[in-house]
Amino acid sequence: MVEEKVFSFTRFVKYMLSKILILVICAVLGAGVGLLLTVGEEKQNYEKYSGRMSFDIVEYAALLKPEGHLSEGDFSAIEIHLTQIIESCRTSDVIAKTYEQVKDRLYPTWESETARNQAFYVNFLVTNGTNALNIIHYYDVRNDEDRACAVFVIDTYLQTVRETLQVKYPELAGDAYDKVVTVSEVVQDRAFSVELQTKNQRQSVLAYILIGAVAGAVVGGGVILALYLFGTRLKSTADVLPADKATVIRADDAGAVGAFLARVQAAKARRIAVLTLQKDEKYEAWVAKLQDALQKSGATVKTVTFCAEGTEWISYFKERAVQESDYELYLYNDDSVEIASCLAGQAELSAFFFNQSEVKAKKLEQGVAGISGDSYSCTLIHSTNRSYLD
């Protein structure tokens, strides 16, 4: 028997597959928790608002050179100057002045001013166009007051720009500003809002479900690993059996019956007990092969099947006559350690038959310890791929 006391990933995978229902249940529960979280989650509802400032270079040139007759050099210089004016609208000072004027209206339900400040600077954008500025404001909208606030922020910025430019550039004072600068009405990008809401909702639900399922599967894997490492099933017969009773025959090997018969013949045993310590679905098929092998050898076989209920086994041995058959085969496929031990005591050779991935180590130890004398021959095991034994 090859015994291995180190962790085997291959055998763990096989063991995990045998417990796949645990993994599936945990994954489903995790997905369900993820879905519940999306129900209780306060979803963001950002809407996009846009404004635009256009600068008329012809009107600006007329302000600077009302007499006309601009040379190519004059026009280039005016164009550069206008570009500087446009850039001055995007300075941090202008943005900061705007924030100071609107901060008391931003997200009134938020307690953190730092959060409001961060939301403003992340979601308020001013980008360059051709002799123009595009103003975009993303705002988490819950009601009409929020929509009004989103528009108010852009309007405040436009007014701050007007005041700043008229102070810094005297030629834009008064009505001259309106001749050079055209301000479009602030509008909501409804297509963006609908698309974003749909996308966010779909991604949020799917993401939570997937994350929950993965987390559940990880937990399930952890549970299976704990069962594999610390479960009470038998992991090594040497851990629970004395050296003289630790012989193992793998019942699911092709030569298992022959190996067992060799031990029967070596011991010259006529009364044989094959016992379980818990009901085993493979037991009857295996002992049928054993009985068939005995009969094919020309021997007569009397099979006696016992159970844990009643006192059948007691009355049988009280009334038992002289053995007439070559072999008496005592079969017990139940879970009483006491009865199994007593039946083994009536046999000249006995063996326990069990599923190694299910039988408890303590139970086997108790069963073998209860057998007096030398009748215990070996342990017949199957389903060893789920344990440490190879």
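Scroll up a little and you will see the structure.
Residues numbered from 1 in each chain as written. Predicted model: local features only at pLDDT ≥ 70, side-chain atom pairs only at ≥ 80, totals over all residues. Heavy atoms only, no water.

A. Spotlight on the sheet that holds strand S7 (residues 271-275). On the basis of which strands lie adjacent, the open sheet formed by six strands has the order S6-S11-S10-S7-S9-S8 and parallel pairing. What marks the edges here is a single partner per strand, and that holds for strand S6 (248-250) and strand S8 (301-306). When strand polarity is set aside, the average angle formed by the axes of neighbouring strands in this sheet is 20°. Here S6 pairs with strand S11 (residues 376-382) via three bridges, running parallel. Opposite valine 248, over in S11, you have threonine 379 as the bridge partner. Here helix H12 (residues 283-296) sits on the sheet and contacts S7, S8, strand S9 (327-332), strand S10 (349-355) and S11; the angle it forms with S9, its principal contact strand, is near 180°. Packed on one face of the sheet, helix H14 (residues 337-346) meets S7, S8, S9 and S10 and runs near 160° to S7. (Pairing = 2+ DSSP bridges. Helix = DSSP H or I, 4+ residues; strand = E, 2+ residues; numbered from the N terminus. Axes fitted to C-alpha atoms, helices over the stretch in contact; angles between N-to-C directions. Contact = heavy atoms within 4.5 Å.)

B. Quick peek at the nonpolar core. Within the largest apolar cluster, 42 residues are counted, with the highest numbers of intra-cluster contacts made by Met53, Phe55, Leu106, Phe124, Tyr157 and Leu165. At eight residues, the largest contribution of residues to this core is made by helix H7 (residues 144-168). When neighbours within four sequence positions are excluded, leucine 106 is seen to be in contact with Tyr99, Arg116, Phe120, Tyr139, Cys149 and Val153. (Core = buried A, V, L, I, M, F, W, Y, C linked by side-chain atoms within 4.5 Å. Buried < 20%, exposed > 50% of the residue type's maximum accessible area, 1.4 Å probe, protein only.)

C. Geometry of the pattern of salt bridges. A complete count under the given rule lists ten salt bridges for this structure. One salt bridge connects aspartate 144 with arginine 147, and the closest N-O pair in it is separated by 3.3 Å. Of this pair, aspartate 144 and arginine 147 both sit in helix H7, three residues apart, which is roughly one turn of that helix. Aspartate 144 sits in the exposed class, given a relative accessible area of 59%. (Salt bridge = Lys/Arg side-chain N within 4 Å of Asp/Glu carboxyl O.)

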